[in-house]
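# Secondary and tertiary structure notes
Below, each chain spelled out in residue letters.
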Amino acid sequence: MLRYILIFLASFSCCSPSIGLSDKKITIILPIQHQALNDIVSGFQKTLLEIYKEPLKIKLLNAQGDYNIQSAMIQQAHKDKETDLVVTVATGVLQSAANIIENKPVLGLAALYSEEDLKKRRVHNISVVQDEIPISQSLEFIRSLFPKIKKITLVHSNMPKTQEEVMQFQKLAQSFGITVQKLLVPNLVDLYSVSKSIHKDSEIIFILKDSLIASGINTLKQQAAKLGKPLVTSDEGTVINGADIALGVVEADIGSQGAKIASNLLQNISQETRISIMKDLTVFYNAKSDISENLVKSIACKYGYKFQKIKTD
Amino acid sequence: MDVIFIALEQSLLLLPLVLGIYLTYSIIQITDLTVDGTFVLGAAVFARLITNSYTIGISMAAAILAGAVFGVLVSLIQHKNRIKPLIAGILMVLMLQTINLQILGRPNVSIYGYDSFVKKLSFLNDNANLALSFISALVIFSILILVLQSNLGLILRGLGDNKGLVRKLGKNTELYKIFTLALSNALAATCGALSAQVYGYTDVSMGYGVALTAIGAVIIGSQIVKIFEKKRFIPAFELLGALGGTYIYFLIINIFLFIGLDPINLKLVLGLILIIFLTFFGDKNHE
């Protein structure tokens, strides 16, 4: 019985999908199921299909949070001779792909990859679209909204890159005489109990771009409402789910930026800038927020940010 | 063909951890989930040291030693059945989440460009990872065959089959349990350190689910072995069975990915396969 099962499984080694010789093929790999990541991919696919006029096949894979599956996906994309470009979303996947793939271009969306690591590479096949807003801009935005602010509660997870951003934020805030209460949330289930520790004298609750905390935004929103404090975040999704205001990038725009780079890569046009930073920021304003809409619009105008009003249920 | 070799590379890379689980699950018959944490511990210790200019030798040795230390600790927690092995393992994994984060200093550390065994084998180009996985698997395989063929291996098997008898023979069963858990978690840490070199980074969440994957592989492998080896215990066959089980697991993943099965369904299918094996072939004597 086992013999027949093994023969059946081995028979797949002879199969290979066939596409037109001139068709370019892109494999997109996501690490987990998350709306923000799906929005990035939607923006990527939509823009790419608009600007790249040649026949194109796009294969979308989601590792569902499993490193073994993620690794298998990257390996298959690496060995698949028909894949012309590998697109990864988020930092972990890019790091894995960058370590394994040197024979074809890799484009990382919403990922961090240092200039130092790029220089160390034998083959310069990595391009990155970073969506990080400089901490100084986030803090400047908060200080513009709340000029007399003295204390901020910063709720964060231990996800990659968050730790350094938290330290940077604290250091910068202190230079303006603002105290930062840091609340670490190790797991989503801990968010409720951690949120009970928000100091009463804290003036706002702030979240960096942090997908774990973003997943539990409703919990924070309830706590913020009880304490009568505004909830300021760094992405559109959290405002849709109840946060007052956010300074961030439209997720789909990250994908769109990536699509322009992907189009160049598919046409073998030399990609001079390897790290592309999102410059167009948007202020996402919750229509139900107590913060004055006119104030927010004027601040957005002052800094050249787009303004997007979000109506929630 | 690619699917076959990708599955082989992945299974050889995970094999040290699977063999560690084999020792605890099949030999001394204890379900130890600590490897979820010690896998990351090995990767974390290696990453921390290599990025602080320590040599590969020292970084690997420290990683292996760290795994062994936590294996000893989890065994002490279980001492004289004060805490059940399953609970002890879960508690240790919980504590290791903090410890691993403290060691790394942050949740994700890139080791790309630092010295590693993969870098030393870079002349093999695309085959460097496979070569590293194969060499490490071969070394660990050889050591474990020697252990299992020795009197020590016999006592360990006795410990799993009939603890009372081993005690009556005047052997300190707790000491042998400590040894096995130390060895098992040292193997998990080794696997973690090697994985960090292959992936190019260490992440605090990279160990999630490896224990269950390994247990599943061991169970599948033990059924394969039963087909060929009905009466005698032959260490080489047993360990090859563990490799076979791991390989089948990764082959299934890769084939389903290749044919386009959505990974969200893939996990359901893998779970069902493991349930079938556990229900019909699993050993009910485990603690």
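Figured I'd write up the structure that's included with this text. (Residues numbered from 1 in each chain as written. Chains lettered and ligands numbered in written order. Predicted model: local features only at pLDDT ≥ 70, side-chain atom pairs only at ≥ 80, totals over all residues. Heavy atoms only, no water.)

## A look at empty space enclosed by the protein
Remark: the empty space left among the atoms is shown by a probe the size of a water molecule rolled over them. A complete count under the given rule lists 4 cavities of 30 Å³ or more for this structure. The space that makes up the largest cavity amounts to roughly 80 Å³. Lining the largest cavity, in full, are Asp131, Glu132, Ile133, Ile135, Ser138, Glu165, Leu208, Lys209 and Ser234 of chain A. Grouping the constituent residues of the lining of the largest cavity by class yields 3 nonpolar, 2 polar and 4 charged. Lining the second largest cavity, in full, are Gln95, Ala98, Asn99 and Tyr113 of chain A together with Ser110, Tyr112, Tyr199, Gly200 and Tyr201 of chain B. For the lining of the second largest cavity, the element with the most residues is helix H4 (residues 91–100) of chain A, which contributes 3 residues. (1 Å grid on protein atoms, 1.4 Å probe; cavity = no way out; pocket = protein on both sides within 12 Å on 5 of 7 lines; lining within 4 Å. Points joined across faces, edges and corners; volume = space filled by probe spheres on them. Nonpolar A, V, L, I, M, F, W, Y, C, P; charged D, E, K, R; others polar. Helix = DSSP H or I, 4+ residues; strand = E, 2+ residues; numbered from the N terminus.)

## Quick look at helix H7 (residues 162–175) of chain A
All names here are of chain A. With 14 residues, H7 should cover 20 Å at 1.5 Å per step; its first-to-last C-alpha distance of 20 Å lies within 8% of that length. Taken together, the buried positions of H7 are occupied by Thr162, Gln163, Glu165, Val166, Phe169, Gln170 and Ala173. Viewed end-on, H7 has its buried residues packed into an arc of 160°, placing them on one side of the element. Turned more than 90 degrees from where H7 packs its buried face, Met167, Lys171 and Ser175 sit exposed. Each element contacted by the buried residues of H7 is listed here: helix H6 (135–145), strand S6 (151–156), strand S7 (179–184) and strand S8 (204–206). Gly177 occupies a position one or two residues after H7 and carries a positive phi of about 75°. (Expected span 1.5 Å × (residues − 1). Buried < 20%, exposed > 50% of the residue type's maximum accessible area, 1.4 Å probe, protein only. Arc of directions from axis to C-beta. Contact = heavy atoms within 4.5 Å.)

## Thoughts on the pattern of salt bridges
Residues and elements named next belong to chain A. Taken as a whole and assessed by the stated rule, the structure comprises 12 salt bridges over all chains. With its nearest N and O atoms 2.7 Å apart, the salt bridge here joins Asp80 to Lys25. One end of the pair, Asp80, is in the loop between helix H3 (67–79) and strand S3 (85–89); the other, Lys25, is in strand S1 (residues 24–30), with 55 residues separating them in the sequence. Where Lys221 meets Asp244, a salt bridge forms, and the shortest distance between an N and an O atom there is 3.7 Å. (Salt bridge = Lys/Arg side-chain N within 4 Å of Asp/Glu carboxyl O.)

## Observations concerning the layout of surface pockets
Here the second largest pocket is characterised by a volume of approximately 800 Å³. Lining the second largest pocket we find 31 residues, and of these Leu112, Tyr113, Ser114 and Glu164 of chain A together with Arg106 of chain B sit closest to its centre. The element contributing the most residues to the lining of the second largest pocket is helix H5 (residues 115–120) of chain A, with 4 residues. Grouping the constituent residues of the lining of the second largest pocket by class yields 13 nonpolar, 8 polar and 10 charged. Of the residues that make up the lining of the second largest pocket, three or more belong to each of domain 1 (20–131 + 252–277) and domain 2 (135–248 + 281–310) of chain A. (Domains from an automatic or database assignment.)

Without other data, these values stay purely geometric and don't point to any function.
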